[in-house]
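# Architecture and fold: a report
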Amino acid sequence: HGTYLIAQNDEGLFLIDQHAAHERVNYEFYYEKFGQPEEASQELLLPITLEFTRAEADKLKDRLHWFERVGVYLEHFGGQTFRVCAYPYWFPKGEEQRVIEEMAEWVLSERKIDLSKLREQASTLCSCKASIKANQRLTDAEANMLLQRLAACRQPYTCPHGRPIVEIGRASCRE
Ligand code: ZN
Ligand code: ZN
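Overview of the structure. (Residues numbered from 1 in each chain as written. Chains lettered and ligands numbered in written order. Predicted model: local features only at pLDDT ≥ 70, side-chain atom pairs only at ≥ 80, totals over all residues. Heavy atoms only, no water.)

Moving on to the side chain of Glu23. With respect to the element layout, Glu23 can be found in helix H1 (residues 18-33). No salt bridge is formed by the buried Glu23; the nearest opposite charge belongs to Arg163, separated by 5.5 Å. When sequence neighbours within four positions are dropped, the list of residues in contact with Glu23 reads Ser127, Cys128, Ser131, Cys159, Pro160 and His161. (Helix = DSSP H or I, 4+ residues; strand = E, 2+ residues; numbered from the N terminus. Buried < 20%, exposed > 50% of the residue type's maximum accessible area, 1.4 Å probe, protein only. Lys, Arg positive; Asp, Glu negative; His and termini not counted. Salt bridge = Lys/Arg side-chain N within 4 Å of Asp/Glu carboxyl O. Contact = heavy atoms within 4.5 Å.)

Put into structure tokens, the structure is as follows:
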């Protein structure tokens, strides 16, 4: 149903959640990228504007420097309006605004922000948005490529949200 990949080797049968697998692969890519985002930011010809409530806007004004740490240049544009002037070119295409909005939700919801948590959070947001969805069928070649890339990951068993990627069905009798 375009959700799981089924694979087999000497160890047994594997059911792989394709969205979670792709998320893991993308997460490790983005986590590396967010390590030095400054070099990657591109200025926008048409800045994105974001609206917040008054309370959120007040809080956000004091937290704008956190966005810079992940390569997003956000400025207060007056009242409850903010403007995104630049973000890294490798943000998931077509999802840039959603990623920045969700990043802002996270920045507003945290009592205390630290850079390593922010980097993880930003990587998780980008990886989810950049990944194939359930119900999207892969060709055999695409599925194989995904499994190879997953096998090369540092942590191939859970997605960045902590959900399992692989279900293992072991052969019970191996005599
Ligand atoms: Zn996801
Ligand atoms: Zn996930």
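Below, the discussion takes up the packing of aromatic side chains. Given two aromatic rings, one states the distance between the centres and the angle between the planes to describe the pair. In total, this model carries 8 aromatic pairs according to the counting rule given. Between the aromatic rings of Tyr27 and Tyr31, the centroid separation amounts to 5.9 Å while the plane-to-plane angle is 25°, which identifies the pairing as stacked. With a gap of 4 residues between them, Tyr27 and Tyr31 both fall in helix H1, about one helical turn apart. Measuring from ring centre to ring centre gives 5.8 Å for Trp90 and Phe91, while their planes differ by 55°; the resulting arrangement is tilted. Taken together, the ring pairs connect Phe29, Tyr30, Phe34, Tyr87, Trp90 and Phe91 into an aromatic cluster. A cation sits over an aromatic face here: Arg119 above Tyr31, 3.8 Å from the ring centre. (Phe/Tyr/Trp six-rings, centres within 6.5 Å; stacked < 30°, edge-to-face > 60°. Lys NZ or Arg CZ within 6 Å of the ring centre and 35° of its normal.)

Counting residues in each nonpolar core, the largest one holds 32 residues, and the members touching the most others are Phe34, Leu60, Val84, Phe91 and Met103. When residues of this core are traced back to their parent elements, those giving at least two are strand S3 (41-51), helix H2 (54-61), helix H3 (64-69), strand S5 (81-88), helix H4 (96-109) and helix H5 (115-130). Of the residues forming this core, the biggest block, 7 residues, is contributed by H4. When residues no more than four places from it in sequence are discounted, the contact partners of Val84 are Leu44, Pro47, Ile48, Leu50, Val72, Tyr73, Leu74 and Ile100. Leu5, Ala7, Val25 and Ile165 belong to the second largest nonpolar core, which has 15 residues in total. (Core = buried A, V, L, I, M, F, W, Y, C linked by side-chain atoms within 4.5 Å.)

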